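# Coordinate inspection notes
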Amino acid sequence: MQRTLKCLYVRENSLPEVIIIPNTLKAKQEKVNGLIEYAYMLDDYDVAIICNEEGKINGMNPNRDIGHDIIFGPFLIVGETSDDGEDRSLTDVQIKNYMELFDEKSIDNTMAKYEAIRMSSEYEF
């Protein structure tokens with residue numbers, strides 16, 4: 001197991017930043033402000049998103065749309081291996097790809113999608 005992880009930290013209304021954290025449950029929980037949950041992109045199983053398990057129900061703000069879901073609250077993007085399931089550091093290519101994916105435009109697109117969902121659910125009976 002890697003002792004530290006080079007990962008991306010994505011906060012609400014902010015561009016992703018490269019950080020290095022200890023590869024511990026405690027460090028991951030501190031970054032997402034609570035219990036952790038793993039989520040995955042639909043088209044990339046070599047990375048995992050570590051987010052707050054209760055982000056949607058504990059008042060956290062919408063952060064980023066990942067296609068099939070919106071992540072609420074801050075989250076980490078880490079590399080994952082299929083053979084042992086351990087988190088690993090991101091490669092430079094993965095960092096570049098996810099910095100581009102979660103750019104300023106993704107913030108605007110997420111907020112637009114969230115508002116559309118929120119408005120449609122207000123008028124449903």
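Residues numbered from 1 in each chain as written. Predicted model: local features only at pLDDT ≥ 70, side-chain atom pairs only at ≥ 80, totals over all residues. Heavy atoms only, no water.

According to the stated counting rule, one finds three aromatic pairs in the structure shown. Relative to Tyr 114, the ring of Phe 72 lies with its centre 5.7 Å away and its plane at 75°, an arrangement referred to as edge-to-face. Placement of the pair is Phe 72 in strand E6 (residues 70-72) and Tyr 114 in helix H3 (residues 104-122), with a sequence separation of 42 residues. Residue Phe 72 is classed as buried on the basis of its relative accessible area, which comes to 13%. Through successive ring pairs, a cluster of aromatic residues spans Phe 75, Tyr 98 and Phe 102. Across the ring face of Tyr 9, the terminal group of Lys 31 is positioned such that the distance to the ring centre comes to 4.8 Å. (Phe/Tyr/Trp six-rings, centres within 6.5 Å; stacked < 30°, edge-to-face > 60°. Helix = DSSP H or I, 4+ residues; strand = E, 2+ residues; numbered from the N terminus. Buried < 20%, exposed > 50% of the residue type's maximum accessible area, 1.4 Å probe, protein only. Lys NZ or Arg CZ within 6 Å of the ring centre and 35° of its normal.)

Using the criterion set out here, one finds seven salt bridges in the structure. Glu 100 is the salt-bridge partner of Lys 96, the closest N and O atoms lying 2.9 Å from each other. Within this pair, Lys 96 and its partner Glu 100 are both found in helix H2 (residues 92-101), separated by four residues, close to a single helical turn. On the basis of relative accessibility, which here comes to 46%, the residue Glu 100 falls in the partly exposed class. (Salt bridge = Lys/Arg side-chain N within 4 Å of Asp/Glu carboxyl O.)

Another point: the state of the cysteines. Under the counting rule described, the total for this entry stands at zero disulfides. For the unlinked cysteine Cys 7, the closest cysteine sulfur is that of Cys 51, found at 14 Å. (Disulfide = S-S within 2.5 Å.)

Along the chain, Ser 106 turns up in helix H3. Ser 106 sits in the buried class, given a relative accessible area of 11%. Beyond its immediate stretch of four places on either side in the chain, Ser 106 contacts Arg 64 and Leu 101. (Contact = heavy atoms within 4.5 Å.)

On to the pairing of strand E5 (residues 62-65), then. For E5 and E6, the ladder comprises three bridges, and the chain directions are antiparallel. Paired with Arg 64 across the strands is Ile 71, a residue of E6. Counting the residues that bridge the hairpin from E5 to E6 gives four residues, and of these Gly 67 lies at a positive phi of roughly 100°. (Pairing = 2+ DSSP bridges.)

Looking now at the nonpolar core. Counting 15 residues, the largest nonpolar core has Ile 49, Phe 75 and Ile 77 as its most contacted members. When residues of this core are traced back to their parent elements, those giving at least two are strand E1 (4-10), strand E4 (47-52), strand E7 (75-80) and H2. For this core, the element with the most residues is E4, which contributes three residues. Ignoring sequence-local partners within four residues, the contact set of Ile 49 consists of Glu 37, Tyr 38, Ala 39, Met 41, Ile 66, Ile 71, Phe 75, Leu 76 and Ile 77. The next biggest cluster of nonpolar side chains, apart from the first, holds eleven residues, and it includes Leu 5, Tyr 9, Ile 21 and Ile 50. (Core = buried A, V, L, I, M, F, W, Y, C linked by side-chain atoms within 4.5 Å.)

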